[in-house]
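Geometric and topological summary
Single-letter residue listing:
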Amino acid sequence: MSQVVLITGASSGIGKATAEYLHQQGYIVYGTSRRQISATPYHMLQMDITDDQAIAEGIKTILEQAGKIDVLINNAGLGTAGALEETPLNDIRKVFDTNVMGVVKLIQEVLPHMRQQKAGKIINISSLGGMMGLPYRATYCSSKFAIEGLTEALRMETAGFGVQVCSLLPGDVNTSINDHRLTVENPDSVYQDSFERTHQIMNDDVAQGISAEAVAKKVHRLIKRKKIGGKYLVGKPLQKLTVFLKRRLPNAIFEQIIKIYYKV
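Presented here is a report on the structure given in the accompanying data block. Position numbers for residues count from 1 along each chain, tracking the sequence in the order it is written. Reporting in this predicted model follows two pLDDT cut-offs: at least 70 for local features of residues, and 80 or more for side-chain atom pairs to be given and counted; totals over whole chains, interfaces and linings ignore these cut-offs and use all residues. Working from all heavy atoms in the structure, the side-chain values ignore hydrogens and water.

**Thoughts on the overall build of the protein**
Each helix and strand in the protein was counted, giving nine helices and nine strands. By the compact-globule yardstick of 18 Å for 264 residues, the protein fits well, its C-alpha radius of gyration being 18 Å. Each principal axis of the C-alpha atoms in the protein carries an extent, and together these give about 55 × 40 × 30 Å. Between two residues, a contact is recorded if the distance between any of their heavy atoms is within 4.5 Å. For the protein, restricting intrachain contacts to residue pairs at least 6 apart in sequence, the fraction spanning at least 24 positions comes to 72%. Roughly 13000 Å² of accessible area belongs to the protein as shown, and the carbon and sulfur atoms make up 51% of that amount. Positive and negative side-chain charges in the protein, numbering 31 and 25 respectively, have mean positions lying 12 Å apart. Comment: elements are numbered from the N terminus, with helices defined as DSSP H or I runs of at least four residues and strands as E runs of at least two. Atoms counted for the radius of gyration: C-alpha only. Globule rule: 2.2 Å times residue count to the power 0.38. Here the open area of atoms and residues is found with the Shrake-Rupley method and a 1.4 Å probe, where only the protein chains shown may cover a residue. Residues scored as positive are Lys and Arg, those scored as negative are Asp and Glu, and His as well as the terminal groups of each chain are ignored. To locate a charge, take NZ of a lysine, CZ of an arginine, CG of an aspartate or CD of a glutamate.

Dropping the structure here:
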């Protein structure tokens, strides 16, 4: 029987590309979206991952229809940009409710079934921003740092039950994320000039990023692997090099490089 894959945030970007690609490869794919989506070649569930009840009902539906969940891909996420000092607490809560608490709730619902079947993979779509703080991305980066810590801990907790966990950290991907990002802009802010320069670089990098299909193919390779490690990077060579430098350079030097790049 084909493997059953659940991927959140499948209405656009990485999630949609991955759902479509895995469907083409013969997997039984269930995607989720906050809004009602129709006419997809794979199953779509309306599920707001900040709603605990919606998650529980969605998992129940998949298990009733497919009988199992072999792979959980936590992809749904919310981006944000702006000076932390000026970011409304409500926006920060929205980001953490989506990027962290939604992931936690999905894992709590799916993991008992994976343990029972003594097999399963959980792939958390993180970000290179989960390995380094970036200017005017404090909220987003900290949410992805949380996912990295969660993934590392969960790997050890579930290893004895046949459940494998990893994080996939994309660099910039050419999607519509810029259109949905929560952005804090204040013309009178002391940060505004610096933020505008940095934000333009962010947007340009996304526009020039790798394709969502490239990430989808990486996800597929992870699903096919018999054993997966903890972290995988996907992105342009320069962005992968940045991670290498982060690990090797003194913090003050690396920080200066980032500040120069983003014109802070």
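**Section: the pairing of strand E1 (residues 4–7)**
In E1, alternate side chains face the same way, and those of Val4 and Leu6 on one face and Val5 and Ile7 on the other are all buried. Between any two strands, at least two bridges found by DSSP are needed for them to pair. By the bridge criterion, four bridges tie E1 to strand E2 (residues 28–33) in an arrangement that is parallel. Bridged to Ile7 within E2 is Gly31. With three bridges joining them, E1 and strand E4 (residues 71–74) adopt parallel strand pairing. Bridging from a neighbouring strand, Ile7 pairs with Ile73 of E4. Exposure categories follow from relative accessible area, calculated using a 1.4 Å probe and restricted to protein chains: below 20% of the type maximum is buried, above 50% is exposed, and the middle band is partly exposed.

**What about the packing of aromatic side chains?**
In this analysis, rings of Phe, Tyr and Trp, with Trp reduced to its six-membered ring, are considered paired at centre separations within 6.5 Å, and the interplanar angle assigns stacked below 30 degrees, edge-to-face beyond 60, and tilted for intermediate values. Using the criterion set out here, one finds three aromatic pairs in the structure. Taking the centre distance of 6.4 Å and the plane angle of 80° together, the rings of Tyr136 and Tyr191 count as edge-to-face. Residue Tyr136 is found in the loop between strand E6 (120–125) and helix H4 (138–158), and its partner Tyr191 is found in the loop between strand E8 (182–183) and helix H6 (192–207); the two are separated by 55 residues along the sequence. Residue Tyr136 is classed as buried on the basis of its relative accessible area, which comes to 12%.

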